[in-house]
Amino acid sequence: MLRSPGYHQQERLSHTHSRKDLAGTGKADHRQEPPAVRGPAFPYFSQRDAKFLFTATKPEQYKRLSNPEFTFAGRSNVGKSSLISAVLRSQSLVKTSKKPGHTSTLNFFGLTSSTYPESAITVVDMPGYGFRSRDDWGQFIMEYLSTRKELKRVFLLVEAKVGELKTTDLSFLELVEHHNVPTQLLLTKTDKLKRTDLNIVSGKVLRAAMDVAPTAVVPEVICCSYKTKVGVDAIQEAILRASGVAI
Ligand SMILES: Nc1nc2c(ncn2[C@@H]2O[C@H](COP(=O)(O)OP(=O)(O)OP(=O)(O)O)[C@@H](O)[C@H]2O)c(=O)[nH]1
Ligand SMILES: [Mg+2]
């Protein structure tokens, strides 16, 4: 059972769009604030350095870790690696590229410091599905999602400007529903969209995801941008709350 208890009881985060918002007046908060990542999770993340743990292209290569694991998934070029580098506050460690299909292995990262030499959480960067993805990637994803006991939550990234879930996203959601993996939508590159459009897109995407994966999908979208750093604090907070780390 991979579901984290009580995830649905999360407090409302800034830059998030909950199911309640969608049914209501559309007064969700999507302010594009200046690049300041100073939410309640900031002390935890700022006191630790990102550390590359290992890389994997097949299940035998990913080691067992006792820490809760958070995996960033989504179509190629949606901004997974960029967002991880912002969340972990390490631009040099996580490689990004303008070209889709850049990340080609499953890359595992931890957070450590001299005071806390053992990382308490793991963040995983997935290769994108869709454009230029490997033929056997679907099988690899399936094995990872179905067997990885450490997996606490998947963040499924959808580019705000695309404005909808593609067939590959829907297939991915069917998988997480089948394997009962809590999955939270991140609407990315929100700097490219007007706030009013963002409200509409958040609602549309969340409803579509919940139709396919009503049990797995966390009923709250985080709107984020690597460029402006909006929503990075909300992702950090979601990670710590789902891990049971006190903040
Ligand atoms: N405008 C804007 N561009 C972004 C943002 N996040 C990422 N990008 C750009 O989008 C491109 C792809 O970013 P990556 O982080 O490498 O995307 P990815 O999902 O890891 O891609 P793959 O590894 O190929 O699957 C890069 O050129 C980034 O600079 C954002 O928030 N806003
Ligand atoms: Mg990448």
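What counts and how
- Residues numbered from 1 in each chain as written.
- Chains lettered and ligands numbered in written order.
- Predicted model: local features only at pLDDT ≥ 70, side-chain atom pairs only at ≥ 80, totals over all residues.
- Heavy atoms only, no water.
- Helix = DSSP H or I, 4+ residues; strand = E, 2+ residues; numbered from the N terminus.
- pLDDT = per-residue confidence, 0-100.
- Contact = heavy atoms within 4.5 Å.
- Expected span 1.5 Å × (residues − 1).
- Buried < 20%, exposed > 50% of the residue type's maximum accessible area, 1.4 Å probe, protein only.
- Near = heavy atom within 4 Å.
- Polar contact = N/O pair within 3.5 Å; in protein donor to acceptor, adjacent residues only side chain to side chain.
- Areas by Shrake-Rupley, 256 points an atom, 1.4 Å probe, with all protein chains shown as cover.
- Salt bridge = Lys/Arg side-chain N within 4 Å of Asp/Glu carboxyl O.
- Phe/Tyr/Trp six-rings, centres within 6.5 Å; stacked < 30°, edge-to-face > 60°.

**A few points about unusual backbone geometry**
The backbone of Asn180 sits at a positive phi, close to 60 degrees, despite the residue not being glycine. The residue Asn180 is located in the loop between helix H5 (167-179) and strand E7 (183-188) in this model.

**Considerations on the confidence of the model for the chain**
In the predicted model, the chain carries a mean pLDDT of 83, and 82% of its residues have values of at least 70. Scored below 50 in pLDDT, residues 22-34 makes 31 contacts in the model with residues more than four places away or belonging to other chains.

**As for helix H6 (residues 195-212)**
Here H6 contains 18 residues, and its C-alpha end-to-end distance of 26 Å stays within 8% of the 26 Å for a straight helix at 1.5 Å per residue. Buried within H6 we find Leu198, Asn199, Val201, Ser202, Gly203, Val205, Leu206, Ala209 and Met210.

**Let's talk about helix H7 (residues 232-243)**
Compared with the 16 Å implied by 1.5 Å per residue over 12 residues, the 17 Å span of H7 between its first and last C-alpha is a close match. Listing the buried residues of H7 in full gives Val232, Asp233, Ala234, Ile235, Gln236, Glu237, Ala238, Ile239, Leu240, Ala242 and Ser243. Just downstream of H7, Gly244 is the residue with a positive phi angle, here 80 degrees.

**Re the site of ligand 1**
The immediate surroundings of ligand 1 are formed by 22 residues, with Ser82, Gly101, His102, Thr103 and Tyr226 found nearest. Between ligand 1 and the protein, one listed contact pairs an oxygen atom with a backbone N or O atom of Val78 at 3.2 Å. Contact distances for ligand 1 include 2.5 Å between an oxygen atom and a side-chain N or O atom of Ser82. Protein coverage of the free-state accessible area of ligand 1, which is 660 Å², stands at 89%.

**Description of the pattern of salt bridges**
All told, the structure shown has seven salt bridges when counted by the stated rule. The partner of Glu159 in a salt bridge is Lys189, and the shortest N-O contact between them spans 3.7 Å. With a gap of 30 residues between them, Glu159 in strand E6 (residues 151-159) and Lys189 in the loop between E7 and H6 connect regions that are remote in the sequence. According to the relative accessible area criterion, Glu159 is buried, its value standing at 16%. Residue Arg241 is joined to Glu237 by a salt bridge in which the shortest nitrogen-to-oxygen separation is 2.8 Å. Here Arg241 and its partner Glu237 are both found in helix H7, four residues apart, which amounts to about one turn of the helix. For Arg241, a relative accessible area of 30% corresponds to the partly exposed category.

**Quick word on the packing of aromatic side chains**
Applying the stated criterion across every chain, the model contains eight aromatic pairs. Between Phe52 and Phe109, the ring centres sit 5.8 Å apart and the planes meet at 65 degrees, which makes this aromatic pair edge-to-face. Taken together, the positions of Phe52 in strand E2 (residues 49-56) and Phe109 in strand E4 (residues 106-112) put the pair 57 residues apart, joining distant regions of the chain. A relative accessible area of 2% places Phe109 in the buried class. Ring geometry for Phe72 and Phe155: centres 5.0 Å apart, planes at 50 degrees, overall tilted. In this pair, Phe72 is assigned in strand E3 (residues 69-74) and Phe155 in strand E6, connecting sequence segments 83 residues apart. By relative accessible area, Phe72 is classed as buried at 0%. Overall, the relative accessible area of 0% leaves Phe155 in the buried class. Among the aromatic residues, those joined into a ring-pair cluster are Phe54, Tyr62, Phe108 and Tyr144.

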